[in-house]
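What follows is each chain in one-letter form.
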Amino acid sequence: MTTKLEVELEDFFRWLATMPHHFAEFRRDPDRVMVYAKLSDMARAAVRDMGKEAAVQKVRDKLDQILDAPEAQKESTFARDFKASGYGGTVLSKEPADPE
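The structure displayed is predicted, hence computed values, not measured ones. (Residues numbered from 1 in each chain as written. Predicted model: local features only at pLDDT ≥ 70, side-chain atom pairs only at ≥ 80, totals over all residues. Heavy atoms only, no water.)

### Structural notes on helix α2 (residues 20-28)
Worth spelling out the cut-off: Residue exposure (1.4 Å probe, protein chains only): buried if accessible area is under 20% of the type maximum, exposed if over 50%, otherwise partly exposed. Put simply, DSSP H or I for four residues or longer makes a helix, DSSP E for two residues or longer makes a strand, and each gets a number counted from the N terminus. Here a residue-residue contact requires only that any non-hydrogen atoms of the pair lie within 4.5 Å.
Along α2, the residues classified as buried are H22, F23, A24, E25 and F26. Packing partners of the buried residues in α2 comprise α1 (4-18), α3 (30-36), α4 (41-50) and α5 (52-68).

### A short note on the pattern of salt bridges
Heads up, the rule is: What counts as a salt bridge is simple: a side-chain nitrogen of Lys or Arg found within 4 Å of a carboxyl oxygen of Asp or Glu.
Per the counting criterion, the structure on display carries five salt bridges. Among the salt bridges present, the one from D41 reaches R44, with a minimum N-O distance of 3.9 Å. Note that D41 and R44 are positioned in helix α4 at a spacing of three residues, about one turn of the helix. The class for R44 is buried, based on a relative accessible area of 17%. Because the salt bridges share partners, they merge into one network encompassing E25, R28 and R32.

Listed below in structure tokens is the structure:
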């Protein structure tokens, strides 16, 4: 059976693995990122107990797990219609600001 603490830590490590800028900040200042992520006191204590290097390794392992998942191996089906109105090249005419 999975405890709430295990789920919270799993989610936290997944979040760090998918957010490189937060992961870089975590490596610099783990406490600040744990406060930002609103981890519970028990989860913060668990991360502190495992040590910074072990936590960083858990994040790297989680990233490898995400990238090795079958869903990640599938070809991307994302497509964008660059001719759609409102995308990039469509510029609204701008009126000069009223002089004060």
